[in-house]
Amino acid sequence: MDVSVSNGLEGVIAADTVLSHVDGNDGTIWVRGHTIDDLVRNHGFEGTVAILWEGFAGAGLTRGQIQSEFAAGRQKAFARLDDWVGLAAKRPLLEGVRIALAALPEDARPAEIAATLPVAVAALVRMRAGQAAVQPDDSLSAAADFLRMMRGEEAAAKEARALDTYFTTVCENGLGNSSFTARVTVSTQASLVSAVVSAYCAFTGPLHGGAPGPVLDMLDAIEAAGDIEGWLAAQLVAGTRLMGFGHRVFRIRDPRAEVLRAAVASLEPDAGRLAFAREVETKALAALHKHKPGRSLKTNIEMNAALLLEALGVPRDAFTQVFAAARCAGWLANAIEQQKTGRMIRPASNYVGPRPAD
Ligand code: ACO
């Protein structure tokens, strides 16, 4: 029997959604009818979550309401630290955050789940440096409070704004691998906590949310080699992927890259670092064009995300977890939308193994 198999499921439409529209040819993202620019300028992270979760995790949601739900969720997460931190603090951050999410009670509410991430990441970053975890501050936004809990002192307003822009920009992006994972999990009537744990696990891979740290490793390696073009060509000839380039959907332009570029510039980070990153970006695009002709491989968000998080003093091995702190809002919205369909996700495979002798 002739069957056509799509191993990466590209082009397969697996859900109707009102959450976000992503057009890779246009370089467009709308979150419930809002552009990323509008969300960043007029709504901020909590306002965007209110828009995203409306009708899914509450009704008549406002920015202020989400801010207080997140603040209460952070307090709850802080009160629960002792449940899991003894084990998690001894492990790499990726594992520590997975432990924190897995320790959530099965019936945890969406805001409580989402608010666990910034508390867990900040506490684990401090504890491995021998510092005590810092209690959340209810009066602050998620971005401002994350920086405060991580550093032990309040961040400058422009820093909190830059992180808020990052959170807003990356919190929802269509049926990404991790959001799909959340849908698959919840479609069996498993809990939202299980959906988020599985989404987080899928997210940590370097082809998805695990890319921003390796982008900086790449910049460091190129700087040490002292030959940008030579280093890039050697990687591509060896078949290695360049971190921060290419996207399954955004083939022409990733609209988030420009928004984040402006946010990085607002922090006035080390100008030498920025100029070097730009030079690498330009040369990498030329090298990809030469070595992968016919493929449209453009800059994705990770280069600017990495520069932004570095300028904010976030440790490199926490980049993925900070990204997850924002994207968790999207995982939850997708999971709840899937719950509403009541339909279990169960595709089929094409058997290509041996047949019984008879
Ligand atoms: N560097 C070098 N080659 C690449 C890259 C890259 N960054 N991205 C894709 N390619 C190559 C592939 O090897 C393939 O080449 P081939 O056909 O000669 O074997 C060709 O381009 C086509 O690749 P696709 O199959 O179209 O790419 P796919 O959709 O599977 O992958 C992905 C998208 C995973 C993001 C890929 O571009 C990649 O690995 N990028 C680097 C990692 C990265 O930056 N990840 C973060 C993505 S953003 C996010 O998830 C938040």
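Residues numbered from 1 in each chain as written. Predicted model: local features only at pLDDT ≥ 70, side-chain atom pairs only at ≥ 80, totals over all residues. Heavy atoms only, no water.

In this structure, Arg261 sits in helix H12 (residues 255-266). Looking at Arg261, its side chain comes within polar contact range of the side chain of Glu281, at 3.2 Å. If near-sequence neighbours (up to four positions away) are discounted, Arg261 is found in contact with Arg278, Glu281 and Asn304. (Helix = DSSP H or I, 4+ residues; strand = E, 2+ residues; numbered from the N terminus. Polar contact = N/O pair within 3.5 Å; in protein donor to acceptor, adjacent residues only side chain to side chain. Contact = heavy atoms within 4.5 Å.)

Bringing the site of the ligand into the picture now. The environment of the ligand is made up of 21 residues, and the closest members are Leu242, Gly244, Phe245, Arg248 and Arg295. Gly244 places a main-chain nitrogen or oxygen 2.9 Å from an oxygen atom of the ligand. In the environment of the ligand, an oxygen atom lies 2.6 Å from a nitrogen or oxygen atom belonging to the side chain of Arg248. Here the ligand has 930 Å² of accessible area as a free molecule, and 81% of this is covered by the chains. (Near = heavy atom within 4 Å. Areas by Shrake-Rupley, 256 points an atom, 1.4 Å probe, with all protein chains shown as cover.)

This brings us to helix H2 (residues 63-79). Given a rise of 1.5 Å per residue, 17 residues ought to cover 24 Å, and the 24 Å separating the end C-alpha atoms of H2 matches this to within 8%. Residues of H2 that are buried: Ile66, Phe70, Ala71, Gly73, Arg74 and Ala77. Take H2 and look down its axis: the buried residues cluster within an arc of 165°, on one side only. On its buried face, H2 sits against helix H1 (36-53), helix H3 (81-88), helix H5 (110-128) and helix H6 (142-151). (Expected span 1.5 Å × (residues − 1). Buried < 20%, exposed > 50% of the residue type's maximum accessible area, 1.4 Å probe, protein only. Arc of directions from axis to C-beta.)

Another point: the pattern of salt bridges. Counted under the stated rule, the structure contains 21 salt bridges. Note that Asp254 and Arg256 form a salt bridge whose closest N and O atoms lie 2.8 Å from each other. Take Asp254: its relative accessible area is 4%, and that puts it in the buried class. Residue classification places Arg256 among the buried residues on the basis of a relative accessible area of 2%. Arg261 is paired through a salt bridge with Glu281; the nearest N and O atoms lie 3.2 Å apart. On the criterion of sequence distance, the pair formed by Arg261 in helix H12 and Glu281 in helix H13 (residues 271-291) is long-range, its members being 20 residues apart. With respect to class, Arg261 is no different from Glu281; both count as buried. (Salt bridge = Lys/Arg side-chain N within 4 Å of Asp/Glu carboxyl O.)

This part covers the domain arrangement of the chain. Accessible area lost during the coming together of the parts is what is often quoted as the interface size. Entries for the chain in the domain assignment read domain 1 (20-206 + 317-341) and domain 2 (212-311). Between domain 1 and domain 2, the C-alpha centre-to-centre distance is 25 Å. Counting residues at the interface gives 26 residues for domain 1 and 25 residues for domain 2. Approximately 1,900 Å² of surface area, both sides summed, lies buried where domain 1 meets domain 2, with 73% of it carried by carbon and sulfur atoms. Contact with domain 2 buries surface across domain 1, with Lys158, Tyr166 and Phe319 losing the most and accounting together for 30% of the total. At the boundary of domain 1 with domain 2, the tally comes to one salt bridge. Note that Lys158 and Glu268 form a salt bridge whose closest N and O atoms lie 3.9 Å from each other. For the interface between domain 1 and domain 2, the tally reads one residue pair in polar contact (both at pLDDT 80 or more). For the side of domain 1 that touches domain 2, the secondary structure elements donating two or more residues are strand S1 (20-23), strand S2 (28-31), H1, helix H7 (157-170) and helix H15 (319-341). Ranked by residues supplied to the side of domain 1 that touches domain 2, first place goes to H7 with eight residues. (Domains from an automatic or database assignment. Buried area = accessible area lost by both parts, 1.4 Å probe.)

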